[in-house]
There are 2 protein chains.
Amino acid sequence: MPLVNELTPSGQRLTAVYSLFGEKEEAWEKARDICIEQTIEFPQDLVEAPMIRDTIFGKIEHFQRVGDRKYEAVISFAIEISGMELPQLLNVLFGNISMKLGIRLESFELPDILSKVFEGPCCGRRGLRELLGVPKRPLIATALKPMGLSPRQLADLAYKLILGGIDILKDDHGLADQAFCPFKERIKYCSEAVERANRETGFKSIYMPNITGPASAITKQAKYVKKNGAGGLLISPGLTGFDIMNQLAADKGLRLPIMCHPSFLGSYVLNPTAGFSHAVLFGQIARLAGADVTVYPNFGGRFPFTKDECLSIAEATGRPMASIAPIFPSPSGGMKLERIGEVIDVYGKEVVILIGGDLHCRGSDLVENTRFFRKRVEKL
Amino acid sequence: MPLVNELTPSGQRLTAVYSLFGEKEEAWEKARDICIEQTIEFPQDLVEAPMIRDTIFGKIEHFQRVGDRKYEAVISFAIEISGMELPQLLNVLFGNISMKLGIRLESFELPDILSKVFEGPCCGRRGLRELLGVPKRPLIATALKPMGLSPRQLADLAYKLILGGIDILKDDHGLADQAFCPFKERIKYCSEAVERANRETGFKSIYMPNITGPASAITKQAKYVKKNGAGGLLISPGLTGFDIMNQLAADKGLRLPIMCHPSFLGSYVLNPTAGFSHAVLFGQIARLAGADVTVYPNFGGRFPFTKDECLSIAEATGRPMASIAPIFPSPSGGMKLERIGEVIDVYGKEVVILIGGDLHCRGSDLVENTRFFRKRVEKL
């Protein structure tokens, strides 16, 4: 096949670390396979063009044994094949190989040029702390629920929760635009309630409504949220696609911090010999795609994530990542007030502690329960 | 908690079938958990409102043992909680429980009212056959590749492939908007090439360019595709989100058939005791979300899908599904010309046979190779 290729490669490469499971030869074959499957998807022998062979093929930069029937490969890709767009970047990292066994994406590293294209979160840890007026302590968050309440009932809850001192009040991720709780009314009433409570407390707490689309409406929904004074957005990129979150984070007219919810994403991490590491999905990718806070189920709650997995997410939210700001980990999923001390011991102060149902269990006075939550965190 | 609930339920319910893995009590607990985790996510005891308990909670309609440490539960949900929107419908079916072990969504059934909201594919099997002028035989498809070619080089390939008699020519799913192959040029040159070849053959073959976003641009990309005369779209909903595909399928100004690519979705199906069944993800959900053709890796190729899994997808593309039209299964992923007979034996004639790289391997004359492909299919 005669080819004249117009690509002038920058030489900058995206690198990704994969765990490969199996005996050495099998693992090596998987590494070679990634180089082709994630790029040309074509019989190698038919490709004569040196530019394609040298630049488009992925390259194995490093390969080593890291355990029993477990190898690690560092594979690099020319950044040009990402098209400098998030969906195609994810496609390069894990598109077709998501359908193969024994390959797990552990982490990736962006060259400078890509991190300038992807700005990441609009606020990051520092910006969110400034917005909330909370310079040092762990942030506290809860969810508006249960589903089935009307907008006015949720607004009543919102008022009490903010009065009690919650920093970030998110919608439950199941609140969409249901007939029994229409989106616009919910945002209007709850934003008003949060503002009213803030006037009483003097705090700068924020409400993060859930927006899940439909795809054609999601930008309008975000603008409606902004216009009505809510202070942020809750997005489930598993449902909306990661790039919608990315686009909203980059929208200079919005400038709303985003909380990323893990709904529909669990299948990517639950199989230890396939999919994504917890750190890369809920840490690196969420951060790259514009989350300011990444929610995930904490160990010891209702979900099977381990302590090590949770800590690896937290680590990925804060480690250097080109020019992309650190974001907050937010352990959640059946968290209890009695575990606040443990959570701070484990995560330190750069954390958003998200307690949902248990905040309603302590006693019948929701404002008091919430004050207890805040005081516990302020003391530790 | 005093509640006055405004929901007046329709009584119509969405039902979903889950496989639950473990001993009987454990499986039963998982079924009960789905009813709560996928709806209120809140301590049940605190919910007094009868309307929430009766309507918002999921209901176990049926529970039975189906194998060793394997149970099946049919769970129903009030359709109102879906908000009549695809992202929230997916959220109800599998949002939070995606993060739990031992739960696999096998299938779901829509009540009439929901199937009217979700129209599914714009063409379906019958519409696509009419568009292509191929009433009965299996359809044949291939991909424009490898990545690294320029738009003019791809257009040259496109011309040859259509001249040889390909019905559906899709972009490789890795072709985005790379500097070495810009989206607009590619669509323009390749659409022209396909039109030119169609004039020579008299066929009505179509080109389906890949659109993956960015999210803010994808609708514009689809319009550009339409304006330039390409006959369809290739979308990877794992990268874009399912609802973008759904919105494009429902767009009456477009009316372009959509081919759904499985990139980034494999992790949902590879773990046999979690995630989705192959049939529900690549069959039912792809169909509900507007695909006319659902691509998946065939058994015996480069990917680990089994024959039974592949046949279950094909079955789900054709079975009655409220008022949503049947779509085409498209087995792919390392398919070879020598397997055409086997593929037709297994799938019958309602299939899009997608052969990529192997079409280039048979000999150096691509037009001849493609004619061979078509003749083989016409004869069988």
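Residues numbered from 1 in each chain as written. Chains lettered and ligands numbered in written order. Predicted model: local features only at pLDDT ≥ 70, side-chain atom pairs only at ≥ 80, totals over all residues. Heavy atoms only, no water.

Attention now goes to the packing of aromatic side chains. Ring pairs (aromatic) are described by centroid distance and by the angle formed between their planes. If you walk through the whole model with that rule in mind, you get 20 aromatic pairs over all chains. With a centroid separation of 5.3 Å and an interplanar angle of 75°, the aromatic rings of tyrosine 268 of chain B and phenylalanine 276 of chain B are classed as edge-to-face. Judged on exposure class, the residue tyrosine 268 of chain B and its partner phenylalanine 276 of chain B are both buried. Taken together, the ring pairs connect Phe94, Phe264, Tyr268 and Phe276 of chain A together with Phe94, Phe264, Tyr268 and Phe276 of chain B into an aromatic cluster. Note that arginine 339 of chain A overlies the ring of phenylalanine 299 of chain A, its terminal NZ or CZ placed 5.2 Å from the centroid. Above the face of the phenylalanine 303 of chain A ring, lysine 100 of chain B is positioned so that its terminal group lies 4.7 Å from the ring centre. (Phe/Tyr/Trp six-rings, centres within 6.5 Å; stacked < 30°, edge-to-face > 60°. Buried < 20%, exposed > 50% of the residue type's maximum accessible area, 1.4 Å probe, protein only. Lys NZ or Arg CZ within 6 Å of the ring centre and 35° of its normal.)

We now examine the interface of chain A and chain B. On the side of chain B, 77 residues touch chain A, which itself brings 77 residues to the contact. A per-residue breakdown of the area chain A buries against chain B is headed by Met99, Met147 and Phe264 of chain A, which together make up 11% of the total. Glutamate 37 of chain B is the salt-bridge partner of arginine 302 of chain A, the closest N and O atoms lying 2.7 Å from each other. Counting across the interface, chain A meets chain B through 34 residue pairs in polar contact (both at pLDDT 80 or more). Looking at the side of chain A that touches chain B, the element that brings in the most residues is helix α3 (residues 86-94) of chain A, giving 5 residues. Class assignment of the residues belonging to the side of chain A that touches chain B gives a composition of 38 nonpolar, 28 polar and 11 charged. (Contact = heavy atoms within 4.5 Å. Buried area = accessible area lost by both parts, 1.4 Å probe. Salt bridge = Lys/Arg side-chain N within 4 Å of Asp/Glu carboxyl O. Polar contact = N/O pair within 3.5 Å; in protein donor to acceptor, adjacent residues only side chain to side chain. Helix = DSSP H or I, 4+ residues; strand = E, 2+ residues; numbered from the N terminus. Nonpolar A, V, L, I, M, F, W, Y, C, P; charged D, E, K, R; others polar.)

Bringing the packing of helix α6 (residues 151-163) of chain A against helix α7 (residues 183-201) of chain A into the picture now. Describing two packed helices takes the angle between their axes plus the distance from one axis to the other. Residue and element names in this part refer to chain A. Where α6 meets α7, the closest approach of the two axes is 8 Å, and the angle between their N-to-C directions is 25°. By the criterion of interaxial angle, the relationship of α6 to α7 is roughly parallel. Crossing handedness for the pair α6 and α7: right-handed. Contacts between α6 and α7 involve Pro151, Arg152, Leu154, Ala155, Ala158, Tyr159, Ile162 and Leu163 from the first element and Glu185, Arg186, Tyr189, Cys190, Ala193, Val194, Arg196, Ala197, Asn198, Glu200 and Thr201 from the second. (Axes fitted to C-alpha atoms, helices over the stretch in contact; angles between N-to-C directions. Parallel < 35°, antiparallel > 145°, perpendicular 65-115°, else oblique. Left-handed = near helix turned anticlockwise from the far one by under 90°.)

A word on the relation of the copies chain A and chain B. Expressed as a screw transformation, the operator carrying chain A onto chain B has a rotation angle of 180° and an axial translation of 0.0 Å, and the superposed copies differ by an RMSD of 0.0 Å. The transformation relating the two chain copies, once decomposed into turn and shift, fits a two-fold axis. For chain A, the minimum C-alpha distance to the rotation axis belongs to glycine 241 of chain A and amounts to 2.0 Å. Here 100% of the interface residues in chain A have copies in chain B that are interface residues too; the copies meet face to matching face. (Least-squares fit on C-alpha atoms with pLDDT ≥ 70 in both.)

We now examine the pattern of salt bridges. Under the criterion given, the structure shown has 42 salt bridges over all chains. Where lysine 145 of chain B meets glutamate 41 of chain A, a salt bridge forms, and the shortest distance between an N and an O atom there is 3.8 Å. With lysine 145 of chain B in the loop between β5 (139-144) and α6 (151-163) and glutamate 41 of chain A in the loop between α1 (24-37) and α2 (50-56), the pair connects residues from two separate chains. Side by side, lysine 145 of chain B and glutamate 41 of chain A carry an identical accessibility label, which is buried.

This part takes up the layout of surface pockets. For the largest pocket, the calculated volume is near 750 Å³. Arg302 and Gly334 of chain A together with Glu37, Glu41 and Lys100 of chain B are, among the 38 residues lining the largest pocket, the residues nearest its centre. Those elements that place two or more of their residues in the lining of the largest pocket are β11 (293-297) of chain A together with α1 (24-37) of chain B. With 6 residues, the single largest contributor to the lining of the largest pocket is α1 of chain B. Residue classes in the lining of the largest pocket are distributed as 17 nonpolar, 8 polar and 13 charged. (1 Å grid on protein atoms, 1.4 Å probe; cavity = no way out; pocket = protein on both sides within 12 Å on 5 of 7 lines; lining within 4 Å. Points joined across faces, edges and corners; volume = space filled by probe spheres on them.)

As a further point, take the sheet that holds β5 of chain B. All names here are of chain B. Pairing is parallel in the open sheet, where 4 strands are placed in the order β7-β6-β5-β13. Edge positions in the sheet fall to β7 (206-208) and β13 (352-354), since each has one partner strand and no second. Within this sheet the neighbouring strands show an average axis-to-axis angle of 25°, counted without direction. Summarising the sheet, strand β6 (residues 168-171) and β7 pair through 3 bridges and their orientation is parallel. Residue pairing across strands places leucine 169 opposite tyrosine 207, the latter belonging to β7. In the packing of α6 onto the sheet, the strands contacted are β5 and β6, and the crossing angle to β5 comes to about 165°. (Pairing = 2+ DSSP bridges.)

A separate point is empty space enclosed by the protein. Taken as a whole and assessed by the stated rule, the structure comprises 7 cavities of 30 Å³ or more. Empty space within the largest cavity amounts to approximately 100 Å³. Every residue lining the largest cavity is counted, 14 residues in all, and those nearest its centre are Gly238 and Tyr268 of chain A together with Pro237, Gly238 and Tyr268 of chain B. Those elements giving two or more residues to the lining of the largest cavity turn out to be α9 (237-240) of chain A together with α9 (237-240) of chain B. Residues that form the lining of the largest cavity fall into these classes: 10 nonpolar, 4 polar and no charged. Counted as a void, the second largest cavity has a volume near 80 Å³. If you go around the second largest cavity, the residues you meet are Ser267, Leu270, Asn271, Ala274 and Gly275 of chain A together with Ser267, Tyr268, Leu270, Asn271, Ala274 and Gly275 of chain B. By residue class, the composition of the lining of the second largest cavity is 5 nonpolar, 6 polar and no charged.

Let us look at the environment of histidine 173 of chain B. Its location among the elements puts histidine 173 of chain B in the loop between β6 and α7 (183-201). By relative accessible area, which is 4% here, histidine 173 of chain B ends up buried. Each C-alpha atom, one on histidine 173 of chain B and one on proline 262 of chain B, is 9.5 Å from the other, the two residues being 89 residues apart in sequence. With residues up to four places along the chain from it excluded, the contact list for histidine 173 of chain B reads Glu41, Gln88, Asn91 and Asn96 of chain A together with Asn210, Leu234, Ser236, His261 and Ser263 of chain B.

Here we come to the confidence of the model for chain A. Residues and elements named next belong to chain A. Per-residue pLDDT for chain A averages 95, and the proportion of residues at 70 or more is 98%. Below pLDDT 50 for its whole length, residues 1-6 participates in 17 contacts with residues either more than four positions away or in separate chains. If you check the scores for this complex, the pTM reads 0.96 and the ipTM reads 0.96. (pLDDT = per-residue confidence, 0-100.)

Residue and element names in this part refer to chain B. Buried residues dominate strand β11 (residues 293-297), accounting for 5 of its 5 residues. Residue alternation in β11 divides its side chains into two sets, Val293, Val295 and Pro297 and Thr294 and Tyr296, and both sets are buried. With 2 bridges joining them, strand β9 (residues 258-260) and β11 adopt parallel strand pairing. When the sheet's bridge partners are listed, methionine 259 is paired in β11 with valine 293. Sheet analysis places β11 next to strand β12 (residues 328-332), joined by 5 bridges and oriented parallel. Residue valine 295 lies in a different strand from β12, and its bridge partner there is serine 330. Viewed along the sheet, the connection from β11 through helix α12 (residues 307-318) into β12 turns out right-handed. (Right-handed = clockwise from strand over helix to strand, strands pointing away.)

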